[in-house]
Protein chains: 2
Amino acid sequence: MSIKKIDHLAIVVADLAKALQVYHHALGLSLDHLAEEPLEQVKVAYLPTPDGAGEIELIQPTTNDSGVAKFLAKRGEGLHHICLEVDHLENTINELTAQGLEILGNIRTNQRGDKYIFIHPKSAHGVLVELCERVPS
Amino acid sequence: MSIKKIDHLAIVVADLAKALQVYHHALGLSLDHLAEEPLEQVKVAYLPTPDGAGEIELIQPTTNDSGVAKFLAKRGEGLHHICLEVDHLENTINELTAQGLEILGNIRTNQRGDKYIFIHPKSAHGVLVELCERVPS
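Residues numbered from 1 in each chain as written. Chains lettered and ligands numbered in written order. Predicted model: local features only at pLDDT ≥ 70, side-chain atom pairs only at ≥ 80, totals over all residues. Heavy atoms only, no water.

Undergrad: Whenever I open this one, the overall build of chain A confuses me. Can you help?
TA: A count of helices and strands for chain A gives 3 helices and 8 strands. Listing the helices and strands of chain A from first to last along the sequence gives β-α-β-β-β-α-β-α-β-β-β. For chain A, whose C-alpha radius of gyration is 15 Å, the value lies close to the compact-globule estimate of 14 Å for 137 residues. For chain A, the proportion of its 137 residues judged to be buried stands at 51%. Within chain A, counting contacts between residues at least 6 apart in sequence, those at least 24 apart form 51% of the total. (Helix = DSSP H or I, 4+ residues; strand = E, 2+ residues; numbered from the N terminus. Rg over C-alpha atoms; globule rule 2.2 N^0.38 Å. Buried < 20%, exposed > 50% of the residue type's maximum accessible area, 1.4 Å probe, protein only. Contact = heavy atoms within 4.5 Å.)

Undergrad: Would you take a moment to explain the environment of G54 of chain A for this structure?
TA: Residue placement: G54 of chain A occurs in the loop between β3 (42-48) and β4 (55-61). Placed 18 residues apart in sequence, G54 of chain A and L72 of chain A show a C-alpha to C-alpha distance of 24 Å. Once you skip the residues sitting within four places of it in the chain, G54 of chain A turns out to touch K5, I6, D7, P48 and T49 of chain A together with I6 of chain B.

Undergrad: Whenever I open this one, the pattern of salt bridges confuses me. Can you help?
TA: Where side chains of opposite charge bring their charged atoms close, a pairing between them can arise. All told, the structure shown has 18 salt bridges over all chains when counted by the stated rule. Measuring nitrogen to oxygen at the nearest pair gives 2.9 Å for the salt bridge that ties R134 of chain A to D114 of chain A. Highlighted residues: R134 of chain A in the segment after β8 (129-133) and D114 of chain A in the loop between β6 (103-109) and β7 (115-119), separated in sequence by 20 residues. On the accessibility criterion, R134 of chain A (25% relative accessible area) is partly exposed. With its nearest N and O atoms 2.9 Å apart, the salt bridge here joins D114 of chain B to R112 of chain B. A relative accessible area of 2% places D114 of chain B in the buried class. (Salt bridge = Lys/Arg side-chain N within 4 Å of Asp/Glu carboxyl O.)

Undergrad: I tried to follow the relation of the copies chain A and chain B on my own but got confused; where do I start?
TA: Taken as rigid bodies, chain A and chain B are interconverted by a rotation of 180° and an axial shift of 0.0 Å, the fit giving an RMSD of 0.0 Å. Such values leave the two copies arranged in the relation of a two-fold axis. Relative to the rotation axis, the C-alpha of A53 of chain A is the closest in chain A, positioned 2.6 Å from it. A share of 100% of interface residues in chain A that are also interface residues in chain B marks the association as one of identical surfaces. (Least-squares fit on C-alpha atoms with pLDDT ≥ 70 in both.)

Undergrad: Would you mind going over the sheet that holds β8 of chain A with me for this structure?
TA: Through backbone hydrogen bonds, the strands of a sheet pair up, either in parallel or in antiparallel fashion. Residues and elements named next belong to chain A. Judged by pairing direction, the sheet is mixed, and its 8 strands sit side by side in the order β2-β3-β4-β1-β5-β8-β7-β6 without closing on themselves. Every other strand in the sheet has two partners, leaving β2 (33-37) and β6 as the edge strands with one partner each. Averaged over all pairs of adjacent strands, the angle between their axes in this sheet comes to 25°, without regard to strand direction. In terms of strand pairing, β2 meets β3 through 5 bridges, oriented antiparallel. Each bridged residue has a counterpart across the sheet, and for E36 the counterpart in β3 is K43. Across the sheet, helix α1 (residues 16-26) lies against β1 (3-12), β2, β3 and β4, angled at about 10° from β3, the strand it touches most. (Pairing = 2+ DSSP bridges. Axes fitted to C-alpha atoms, helices over the stretch in contact; angles between N-to-C directions.)

Undergrad: Where do I start with the confidence of the model for chain A in this structure?
TA: For any part of a model where pLDDT is low, the fine detail of the predicted coordinates should not be relied upon. Per-chain confidence: chain A averages 94 in pLDDT, with 99% of residues scoring 70 or above. The complex prediction reports pTM at 0.95, with the ipTM value standing at 0.94. (pLDDT = per-residue confidence, 0-100.)

Undergrad: Could you clarify how one ought to interpret the interface of chain A and chain B in this entry?
TA: It is common to give the size of an interface as the accessible area lost on bringing the parts into contact. Listed by partner, the interface residues are 41 residues for chain A and 41 residues for chain B. Summing both sides of the interface, chain A and chain B together bury roughly 3200 Å²; the carbon and sulfur share of this comes to 72%. The largest contributions to the chain A side of the interface with chain B come from I6, L27 and H125 of chain A, which together make up 23% of the buried area. Taken together, the links from chain A to chain B amount to 0 salt bridges. For the pair chain A and chain B, the number of links is 8 residue pairs in polar contact (both at pLDDT 80 or more). Those elements that place two or more of their residues in the side of chain A that touches chain B are β1, α1, β4, β5 (78-86) and β8 of chain A. Here the side of chain A that touches chain B is built from residues that sort into 25 nonpolar, 10 polar and 6 charged. (Buried area = accessible area lost by both parts, 1.4 Å probe. Polar contact = N/O pair within 3.5 Å; in protein donor to acceptor, adjacent residues only side chain to side chain. Nonpolar A, V, L, I, M, F, W, Y, C, P; charged D, E, K, R; others polar.)

Okay, here's the thing in structure tokens:
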């Protein structure tokens, strides 16, 4: 199995507009688009770096009872998870499970059609690690 | 000013060897090298992704009183900071300071000769953001 790249890092924020003042306007990251991800109950601002080298996602909860909303309430704004792109998600999950890593839930599909799943932080030294398999763009 | 890429993300761990079992052996990230960074009082495992698209750094404190050691004692293992590569670090600092962002301390230089500095998390929605200017390799 092989990791292709750091696909994105996600930062949970209370207010997308305020966070964009820092990450888009001050730091100068481009804003590709904004979108809702109903499955995760968040609004997302997608801020890619040049040449497809990974993006920063600012995520704001849209409800009070999602995992992201609870994270924000408990820990405040900050880094939420990292996502690594793999070639074949199902094979990767099988290999990791065989090595004793705990996978959270089942494969999900985002609005763009990409497949993704999370590794439990206790299996990844405190980090919520997402694995994704991108659909060809 | 412009961000060139996500240079790396740093994960603080209690034991590099154990963390490498997950990030190197199970997830299959390549291990470029291990090094000490005396200035930050850490040992680092450098795990690049292919094609120079950013790396994961596992950092283990080598003393009990550094910022990283205190982070580990207080919050446990997990994501510590992200690093964005810029073209010209001094210009970037001047622009960010003019926009009211708080910069921590002065420019430092790592063992490889790269220059770096940190933005205060309160100026970046809870994220410790490192900015670096790489020396040509």
